[in-house]
Amino acid sequence: MNTLFIDISNPVSKDKGKKKFSLNNITYKAKKNILQYEMIEDYLKHGNVTNNFSLKISKEELNKLINNKKKIKKLYFEKDLKNKVKKVDKLNIVFSKYFDENSHTKYKEYIVNTLKKKRENFEIKEIVAENKMKEHVIKYIDDYVENFNISLNKLRILLILNDSKDFSKEKITEYILKYKFVDVLKMNGISKLEYQKLSSMINELNEEFGSTIDIIQKRNIQEYHIYLMCSRVVKNDFYSHYIVKKDSKYIDLNNEDEDIDNNNMKQYNKCKYELATLFNRLELVDDNFSKNKLGALSLEDMN
């Protein structure tokens, strides 16, 4: 496969020199320059992984390149980037979590458009993660119930919301019909007006199904077995603020890397050591990339 991995880096040294190392069948080049970016090429003569590249660039430099149209540095960077992949006709691109979590669409578009510029019949595919947590969440809850031998009549689930847009009437209906005891935790991201609308919808559900859903706003939530995070909240931030039950189950619906029943994650677990070796050669930090996305990349190579 021909793949370009892209991540954000700290500013590199202003060393214009080029390093080249050779180890058996591996040829490896690294380049550092005043533009504060680094590109590395990795070629393997044997094995499944071939023609892989990495680009690490500082946030500051990336912003400068996008906002300045006629700068010499910009022209140099774009030429350098295109030269690295000029020998391939098809290229997969894997962006790190930084580009996904911060919705930096303009950064992605700039990289892709630079690679495509003045080059016909060049196929570029961005590898994306697949999140099926909402489809698999019932299985994850049932696995927990079975492992801890909890009666469904005693199981208590807490849906956590920091944005009212993350509330799903369809999903909470599914939960209360199967598990009965379900409440909602309102975090600070929900305004008073949004709270009133949410409260109205909850009351309608309780009247329709005879459920007892409560909206709570307390820190001590130890009475719950399942903490179902519906919004984009950092797990450590949640645990640092709330008092939770020991041996409870935390499920983040927005974290595709926890979706262990997803085919992408199954594939990642099969090839994670090979990928770790590749990342080491490319001087990348694997934790900066979605494991689900890396599994999708591996499946792409198999097709």
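Note that the coordinates shown come from a computational prediction; the quantities given were computed from them, not determined experimentally.

**Re the overall build of the protein**
Reasoning step 1: Helices and strands together make up the secondary structure of the protein, namely 10 helices and 14 strands.
Reasoning step 2: Buried positions account for 46% of the 303 residues belonging to the protein.
Reasoning step 3: A separation threshold of at least 6 residues defines the contact pool for the protein, and within that pool the share at least 24 residues apart is 69%.
Reasoning step 4: Total accessible area on the protein stands at roughly 17,100 Å², and carbon and sulfur atoms take up 46% of it.

**Remarks on the layout of surface pockets**
Reasoning step 1: Estimates place the volume of the largest pocket at around 730 Å³.
Reasoning step 2: Considering the residues around the largest pocket, the lining is formed by 20 residues, among which E101, R232, N254, N255 and E256 are closest to the centre.
Reasoning step 3: Listed by contribution, the elements that provide at least two residues to the lining of the largest pocket are α3 (97-101) and β14 (249-252).
Reasoning step 4: Take the lining of the largest pocket: its biggest share by element is three residues, from α3.
Reasoning step 5: Grouping the constituent residues of the lining of the largest pocket by class yields five nonpolar, four polar and 11 charged.

**Quick look at the side chain of E78**
Reasoning step 1: Checked against the element boundaries, E78 lands in helix α2 (residues 72-84).
Reasoning step 2: Setting aside its immediate chain neighbours within four residues, E78 contacts Y110, T114 and K117.

**Here we look at the side chain of H225**
Reasoning step 1: Along the chain, H225 turns up in the loop between β11 (220-221) and β12 (226-229).
Reasoning step 2: H225 gets classed as buried once you look at its relative accessible area, which sits at 12%.
Reasoning step 3: Here H225 is in contact with Y144, I150, K154, L155, R156, K245, S248 and K249, once residues within four sequence places are set aside.

**Considerations on helix α1 (residues 59-67)**
Reasoning step 1: Buried within α1 we find E61, L62 and L65. On an axial view of α1, the arc spanned by its buried residues comes to 100°, and they lie on one face.

**Focus on the environment of K266**
Reasoning step 1: You can see K266 is positioned in helix α9 (residues 263-281).
Reasoning step 2: Taking relative accessible area as the criterion, K266 reaches 41% and is therefore assigned partly exposed.
Reasoning step 3: Here K266 is in contact with I260 and D261, once residues within four sequence places are set aside.

**Remarks on the pairing of strand β6 (residues 90-95)**
Reasoning step 1: Of all the six residues making up β6, five are buried; the element is thus mostly covered by neighbouring parts of the structure.
Reasoning step 2: Inspection of the sheet shows strand β1 (residues 3-8) paired to β6 by four bridges, in the parallel sense. Opposite L4, over in β6, you have I93 as the bridge partner.
Reasoning step 3: Relative to strand β7 (residues 123-126), β6 runs parallel, the two sharing four bridges. Looking at the pairing, L91 lines up with I124 of β7.

**Some remarks on the sheet that holds strand β9 (residues 181-186)**
Reasoning step 1: If you trace the five strands from one edge of the open sheet to the other, you get β10-β9-β8-β12-β14, paired in parallel fashion. The sheet terminates laterally at β10 (215-216) and β14, the two strands that pair on one side only.
Reasoning step 2: Examined bridge by bridge, strand β8 (residues 156-161) and β9 share six bridges and lie parallel to one another. Among the inter-strand pairings, I160 is bridged to a residue of β9, identified as L185.

**Points about the nonpolar core**
Reasoning step 1: Grouped together as the largest cluster of nonpolar side chains are 30 residues, with contacts concentrated most on I141, L159, I172, V184 and I251.
Reasoning step 2: The dominant element in this core, judged by the number of residues it contributes, is helix α5 (residues 133-147), at seven residues.
Reasoning step 3: The contacts of I251, once residues within four sequence positions are left out, are M133, V137, Y140, I141, I226, Y227, L228 and M229.

**What to know about the pattern of salt bridges**
Reasoning step 1: The full count for this structure, using the stated rule, is 19 salt bridges.
Reasoning step 2: Salt-bridge contacts for K74 lead to E78; the nearest nitrogen and oxygen are separated by 3.5 Å. Pair noted here: K74 and E78 are both in helix α2, with a separation of four residues, about one helical turn. In this pair, the class of K74 matches that of E78, namely buried.
Reasoning step 3: A salt bridge links D143 to K139, with the shortest nitrogen-to-oxygen separation between them at 2.9 Å. With D143 and K139 both in helix α5, this residue pair falls four residues apart, about one helical turn.
Reasoning step 4: For D143, a relative accessible area of 27% gives the class partly exposed.
Reasoning step 5: Overlapping salt bridges, with partners in common, bring together D100, K108, E126 and K293 in one network.

**Focus: the environment of K74**
Reasoning step 1: When its relative accessible area of 10% is taken as the criterion, K74 is described as buried.
Reasoning step 2: Between the alpha carbons of K74 and L62 there is a distance of 9.5 Å; along the sequence they are 12 residues apart.

Cut-off values and rules
- Residues numbered from 1 in each chain as written.
- Predicted model: local features only at pLDDT ≥ 70, side-chain atom pairs only at ≥ 80, totals over all residues.
- Heavy atoms only, no water.
- Helix = DSSP H or I, 4+ residues; strand = E, 2+ residues; numbered from the N terminus.
- Buried < 20%, exposed > 50% of the residue type's maximum accessible area, 1.4 Å probe, protein only.
- Contact = heavy atoms within 4.5 Å.
- Areas by Shrake-Rupley, 256 points an atom, 1.4 Å probe, with all protein chains shown as cover.
- 1 Å grid on protein atoms, 1.4 Å probe; cavity = no way out; pocket = protein on both sides within 12 Å on 5 of 7 lines; lining within 4 Å.
- Points joined across faces, edges and corners; volume = space filled by probe spheres on them.
- Nonpolar A, V, L, I, M, F, W, Y, C, P; charged D, E, K, R; others polar.
- Arc of directions from axis to C-beta.
- Pairing = 2+ DSSP bridges.
- Core = buried A, V, L, I, M, F, W, Y, C linked by side-chain atoms within 4.5 Å.
- Salt bridge = Lys/Arg side-chain N within 4 Å of Asp/Glu carboxyl O.

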